[in-house]
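Architecture at a glance
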Amino acid sequence: NQENDVEENNMITQESLSSGALRWRCRRGMLELDLMLQAFVDEEVSSLSQGELKVFDRLLEYPDQVLLELFLNLTQSSDKEISQFVKRIRETING
């Protein structure tokens, strides 16, 4: 199915981590988001499971303003996996 092929091609894989594709996807329109996401990628992404990479992939689809509000704990996602992943990112970047 072509739709599944496109979805799989857009999904983060372990191979894309080494190619820099993930770092490129983490580049945003806000410097604050760039810094937060890059700090998380530098510290944690190599230890993520394939399931966690899929959640991260879904998170990166969010608009910049929503991501910023999630990271600053101004709002919460109704998606439990996303909420838990955002908490993990906050914990990583806040030390």
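From a predicted model like this one, the values you see are computed outputs, not experimental measurements.

How each quantity is defined
Residues numbered from 1 in each chain as written. Predicted model: local features only at pLDDT ≥ 70, side-chain atom pairs only at ≥ 80, totals over all residues. Heavy atoms only, no water. Core = buried A, V, L, I, M, F, W, Y, C linked by side-chain atoms within 4.5 Å. Buried < 20%, exposed > 50% of the residue type's maximum accessible area, 1.4 Å probe, protein only. Helix = DSSP H or I, 4+ residues; strand = E, 2+ residues; numbered from the N terminus. pLDDT = per-residue confidence, 0-100. Axes fitted to C-alpha atoms, helices over the stretch in contact; angles between N-to-C directions. Parallel < 35°, antiparallel > 145°, perpendicular 65-115°, else oblique. Left-handed = near helix turned anticlockwise from the far one by under 90°. Contact = heavy atoms within 4.5 Å. Nonpolar A, V, L, I, M, F, W, Y, C, P; charged D, E, K, R; others polar.

Observations regarding the nonpolar core
By size, the foremost hydrophobic cluster in this structure holds 22 residues, and its most contacted members are Phe-56, Leu-59, Phe-71 and Phe-85. Going through the elements one at a time, α3 (21-26), α4 (31-44), α5 (50-59), α6 (64-71) and α7 (80-93) are the ones with two or more residues in this core. Counting residues per element, this core draws most heavily on α4, at five residues.

Observations concerning the confidence of the model for the chain
In this model, the chain carries a mean pLDDT of 84, and residues with pLDDT of at least 70 account for 80%. No element of the chain has a lower mean pLDDT than helix α1 (residues 2-10), which averages 50, and none a higher one than α6, which averages 96.

A short note on the packing of α4 against α6
Contact pair α4 / α6: the axes reach a minimum separation of 10 Å and the direction vectors enclose 60°. As summarised for this structure, α4 and α6 are arranged oblique, according to the angle between their axes. The chirality of how α4 crosses α6 is left-handed. In this structure, α4 contributes Glu-32, Leu-33, Met-36 and Leu-37 to the contact, and α6 contributes Asp-64, Leu-67, Leu-68 and Phe-71. Of the residues in the contact of α4 with α6, the class split is six nonpolar, no polar and two charged.

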